[in-house]
Amino acid sequence: MTDVRVRIAPSPTGPLHIGTARTALFNHLYARHMGGTFILRLEDTDVARSTEAFERDILDGLHGLGLEWDEGPGVAGRDERGPYGPYRQMARLPLYAAAAERLLAADLAYRCYCTPDDLEAERKRQDAAGEPSRYPGTCAALGPAERAALEAQGRSSALRFRVTPGVVAFDDIVRGHVEIDTSALGGDFVIVRADGTPLYHFTVVVDDAEMAITHVIRGEDHLSNTPKHILLFRALGHQVPAFAHLPLILNPDRTKMSKRKSQTAVDDYVAQGFIREALVNYLALLGWSTGTEEEILALDEIVARFDLSAVNRAGAVFDRERLEWMNGQWIRRLDPDDLADRLLPFLDADRILGRIDRLPSHDEVRAIVPLVQERLPTLGAIGDVAGFLFVAQPAVDPALVVPKRWDTATTADGLEAARAAIEANGEVAFDAEGLEATLRALAEVRGWKAGDLFMAIRVAVTGRTATPPLFETLVALGFGRTLARLVRARDLVRELDAPA
Ligand code: GLU
Ligand code: ZN
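Now for a look at the structure at hand. (Residues numbered from 1 in each chain as written. Chains lettered and ligands numbered in written order. Predicted model: local features only at pLDDT ≥ 70, side-chain atom pairs only at ≥ 80, totals over all residues. Heavy atoms only, no water.)

We now examine the overall build of the chain. The secondary structure content of the chain amounts to 20 helices and 13 strands. On C-alpha atoms alone, the chain measures out to a radius of gyration of 32 Å, which is more than a quarter above the 23 Å that the 2.2 N^0.38 rule sets for 500 residues. If one aligns the C-alpha atoms of the chain with their principal axes, the spans along those axes are about 110 × 55 × 40 Å. A total of 500 residues make up the chain; the buried ones form 49% of that total. A separation of at least 24 residues holds for 74% of the contacts in the chain among residues at least 6 apart in sequence. Total accessible area computed for the chain in this model is approximately 23,000 Å², and 52% of it derives from carbon and sulfur atoms. Of the side chains in the chain, 57 bear a positive and 73 a negative charge, and the two mean positions are spaced by 3 Å. (Helix = DSSP H or I, 4+ residues; strand = E, 2+ residues; numbered from the N terminus. Rg over C-alpha atoms; globule rule 2.2 N^0.38 Å. Buried < 20%, exposed > 50% of the residue type's maximum accessible area, 1.4 Å probe, protein only. Contact = heavy atoms within 4.5 Å. Areas by Shrake-Rupley, 256 points an atom, 1.4 Å probe, with all protein chains shown as cover. Lys, Arg positive; Asp, Glu negative; His and termini not counted. Charge placed at Lys NZ, Arg CZ, Asp CG, Glu CD.)

This is the structure in structure tokens:
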């Protein structure tokens with residue numbers, strides 16, 4: 001155990017976002033690699049937009065990815081664990097009030113009586129003059145008598161933090177040396193609104209200071225906030241933590257990842273059958289690499305190899321195709337029983353949507369795992385890959401049954417001949433090897449290309465041109481159903497020729 005303490009601080013104002021999951025993962029990786037502590041804190045001060053449903057979505061989503069936290073709210077209920085609580089900002093309001101009092105008493109912050117109209121007028125003036133907008137310091141030097149006069153008028157006051165002139169410099173673990181002149185920060189900034197609500201820059205620093213956070217690992221979109229945070233850490237008399245700003249996640253067009261252009265909710269990926277092993281592996285590679293060719297890595301392997309200073313600066317494009325590929329790779333690595341278990345909810349969803357007629361048992365699904373395991377980019381693809389097994393009759397387009405080099409008569413003849421040969425073999429000989437031998441011999445005797453015959457049979461019994469291997473598929477379907485589907489398709493193909 002080291003004293004490394006890292007945290008994520010999501011706001012429960014939306015479902016768990018891919019970017020939040022990636023930030024959580026990198027914090028988790030660093031904490032686990034270093035033997036430190038990973039903390040989850042909820043920034044729920046935006047009362048109007050925060051909901052319990054979003055909170056649950058975030059906690060459940062992180063939990064589902066296997067990113068357990070050591071301190072913070074419990075997964076299911078309200079009970080927290082850890083000695084630095086509370087871990088919800090709304091339960092920490094007295095702590096912010098006390099910190100604000102300290103800054104005020106030390107004159108590191110002051111009361112600002114400007115009304116929204118005053119500030120708006122000043123902004124307009126600066127705009128017209130082509131000046132960058134900044135608080136002009138109207139209330140920075142009010143004396144006690146002036147303050148008393150403003151208060152006598154009934155004016156309420158916000159609290160502003162004094163931004164000291166000079167340069168703030170820090171060594172970001174990812175981005176290297178960063179320097180920002182405090183004149184670029186827009187002047188003294190509000191830390192507590194007139195209605196008493198503490199603002200983000202203030203609460204995040206009070207929390208990080210009081211929770212003894214050693215490393216702030218977060219998205220690059222926060223880089224420009226860091227100088228303000230450093231000034232606040234110093235003013236609160238706290239050691240400044242180390243910072244690591246992770247590269248932005250980008251849409252394929254290299255703009256910042258957005259809901260409009262990419263699927264951003266982790267839930268949606270899970271609902272489509274992306275598995276946690278693949279999501280974690282993929283997210284880890286969004287901004288980090290092992291420096292080798294290795295790319296399929298389990299969470300514990302990533303923990304062992306993770307190095308915060310090896311994180312890239314360049315934005316990382318979210319490439320859904322690559323994620324699908326990686327998901328397929330991970331599905332192949334699952335234990336067959338585990339895969340069968342994970343497929344069942346997706347089959348049940350297909351049943352509810354009427355895509356299949358019945359929910360197969362675990363054993364039935366387990367039996368077809370060898371046929372489908374290498375063919376699933378997602379768990380949700382199971383209906384496409386094997387749904388024909390669980391319907392009374394697949395939808396068969398007779399035109400699709402006819403192979404390119406065949407006409408309808410040959411196709412009907414081929415299906416009938418296949419049916420007769422399979423039936424003649426009998427149910428006892430109904431296995432993949434026997435079927436293949438029988439049907440190849442049939443093609444040979446009739447002078448057909450085996451591929452044409454097989455394609456006609458494939459579409460006849462499944463309705464699809466791409467399926468798991470044909471003979472195994474027929475076995476999975478069973479003797480009786482195979483024969484019945486061949487007869488039905490044969491008749492459908494014959495009807496193609498019937499006069500209209
Ligand atoms: N609520 C902020 C976010 O999720 C926290 C930022 C931070 O880590 O400082 O973006
Ligand atoms: Zn003011």
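Past the structure itself, the notes keep going.
Moving on, we come to the coordination of the zinc ion (ligand 2). Around a metal, the idealised angle for a tetrahedral arrangement of four donor atoms is 109.5 degrees; for an octahedral arrangement of six donor atoms it is 90 or 180 degrees. The protein atoms donating to the zinc ion (ligand 2) are Cys112 (SG), Cys114 (SG), Tyr135 (OH) and Cys139 (SG), with metal-donor distances spanning 2.0 to 2.3 Å. The motif formed by the donor residues of the zinc ion (ligand 2), counted along the single chain, is C-x1-C-x20-Y-x3-C. Of the two residues, Cys114 is situated in the loop between β5 (109-112) and α4 (116-128) and Tyr135 in the loop between α4 and α5 (144-152); the sequence distance between them amounts to 21 residues. Of the residues examined, Tyr135 reaches a relative accessible area of 7% and is grouped as buried. (Donors = N, O, S within 2.8 Å, 3.2 Å for Na, K, Ca; no water.)

A word on unusual backbone geometry. For the bond from Gly85 to Pro86, the omega torsion is -5°, close enough to zero to count as cis. Tracing the chain through its elements places Pro86 in the loop between β4 (80-81) and α3 (93-105). If you check the backbone angles, Ala212 has positive phi at about 55° while not being a glycine. Position of Ala212 relative to the elements: it lies in the loop between α6 (200-210) and β10 (215-219). According to the relative accessible area criterion, Ala212 is partly exposed, its value standing at 26%.

Attention now moves to the sheet that holds strand β9 (residues 189-192). Taken in spatial order, the 3 strands of this open sheet run β5-β6-β9, and their pairing is antiparallel. Only two strands of the sheet have a single neighbouring strand rather than two, namely β5 and β9. The mean inter-strand angle of the sheet, taken between neighbouring strand axes irrespective of direction, is 45°. (Pairing = 2+ DSSP bridges. Axes fitted to C-alpha atoms, helices over the stretch in contact; angles between N-to-C directions.)

With that settled, the discussion passes to the pattern of salt bridges. Side-chain pairs of opposite charge can arise where the charged atoms are in close proximity. Enumeration according to the criterion identifies 37 salt bridges in this entry. In this structure, Arg41 engages Asp208 in a salt bridge whose closest nitrogen and oxygen atoms are separated by 2.9 Å. Of this pair, Arg41 sits in the loop between β2 (37-40) and α2 (52-64) while Asp208 is found in helix α6, placing the two residues 167 residues apart along the sequence. Taking relative accessible area as the criterion, Arg41 reaches 0% and is therefore assigned buried. On the basis of relative accessible area, Asp208 is assigned to the buried category, the value being 2%. The residue Asp253 makes a salt bridge to Lys261 at a minimum N-O spacing of 2.8 Å. A network of salt bridges, in which partner residues are shared, links Arg7, Arg41, Arg92, Asp207, Asp208 and Glu210. (Salt bridge = Lys/Arg side-chain N within 4 Å of Asp/Glu carboxyl O.)

All residues in the neighbourhood of ligand 1 are listed as Arg7, Ala9, Pro10, Ser11, Glu43, Tyr200, Val204, Arg218 and His222. Between ligand 1 and Tyr200, the relevant distance is 2.9 Å, taken from an oxygen atom to a side-chain nitrogen or oxygen of the residue. One of the side-chain N or O atoms of His222 is found 2.7 Å from an oxygen atom in ligand 1. In isolation ligand 1 has 300 Å² of accessible area, and contact with the protein removes 78% of it. Split by residue class, the shell around ligand 1 holds 4 nonpolar, 2 polar and 3 charged. (Near = heavy atom within 4 Å. Polar contact = N/O pair within 3.5 Å; in protein donor to acceptor, adjacent residues only side chain to side chain. Nonpolar A, V, L, I, M, F, W, Y, C, P; charged D, E, K, R; others polar.)

Another point: the environment of His215. With respect to the secondary-structure elements, His215 resides in strand β10. Take His215: its relative accessible area is 14%, and that puts it in the buried class. The spatial distance from the C-alpha of His215 to the C-alpha of Ala31 is 9.6 Å, given a sequence separation of 184 residues. Discounting residues that sit within four places of it in the chain, His215 has contacts with Val4, Arg5, Val6, Tyr30, Ile173, Pro241 and Ala242. Among the polar contacts listed, one links the side chain of His215 to the side chain of Thr214, at a separation of 2.8 Å.

Taking 1.5 Å as the rise per residue, helix α16 (residues 408-425) with 18 residues should run 26 Å; its terminal C-alpha atoms sit 26 Å apart, in good agreement. At its buried positions, α16 is contacted by α15 (398-401), α17 (432-446), α18 (450-462) and α20 (479-497). The positive-phi residue at the C-terminal boundary of α16 is Gly426, with phi of around 85°. (Expected span 1.5 Å × (residues − 1).)

Take the nonpolar core next. Membership of the largest hydrophobic core comes to 107 residues, with the highest contact counts inside it found for Phe26, Leu62, Phe318, Leu415, Leu439 and Ile457. Formed by 34 residues, the second largest nonpolar core is a distinct cluster that contains Tyr96, Val178, Val206 and Ala209. (Core = buried A, V, L, I, M, F, W, Y, C linked by side-chain atoms within 4.5 Å.)

Moving on: a nonpolar patch on the surface. Among the surface-exposed residues, Val47, Met90 and Leu93 lie close enough to one another that they form a single nonpolar patch of about 240 Å² accessible area. You can see Leu93 is positioned in helix α3. Relative accessible area serves as the criterion here: at 32%, Leu93 is assigned to the partly exposed category. (Patch = residues over 30% accessible without salt bridge, like charges linked within 9 Å, V, L, I, M, F, W, Y side chains within 5 Å.)

It is worth spelling out the pairing of β2 at this point. The side-chain alternation of β2 yields two buried faces, one formed by Thr37 and Ile39 and the other by Phe38 and Leu40. Bridge count for strand β1 (residues 5-8) against β2 is 4 bridges, and the pairing is parallel. Bridging across to β2, Val6 finds its partner in Phe38.

Another aspect to go through is the packing of aromatic side chains. With the rule as written, the count across this model stands at 10 aromatic pairs. Taking 5.3 Å as the distance between ring centres and 85° as the angle between the ring planes, the aromatic pair formed by Tyr282 and Phe318 counts as edge-to-face. Placement of the pair is Tyr282 in helix α9 (residues 276-284) and Phe318 in the loop between β13 (316-317) and α11 (320-333), with a sequence separation of 36 residues. Accessibility assignment for this pair places Tyr282 and Phe318 in one class, buried. Pairwise contacts between aromatic rings join Tyr269, Phe274, Tyr282 and Phe318 into one cluster. The residue whose ring lies beneath Lys228 is Phe189, and the NZ or CZ to ring-centre distance is 5.1 Å. (Phe/Tyr/Trp six-rings, centres within 6.5 Å; stacked < 30°, edge-to-face > 60°. Lys NZ or Arg CZ within 6 Å of the ring centre and 35° of its normal.)

What follows is about the environment of Met90. Here Met90 lies in the loop between β4 and α3. Relative accessible area serves as the criterion here: at 34%, Met90 is assigned to the partly exposed category. Placed 61 residues apart in sequence, Met90 and Glu151 show a C-alpha to C-alpha distance of 28 Å.

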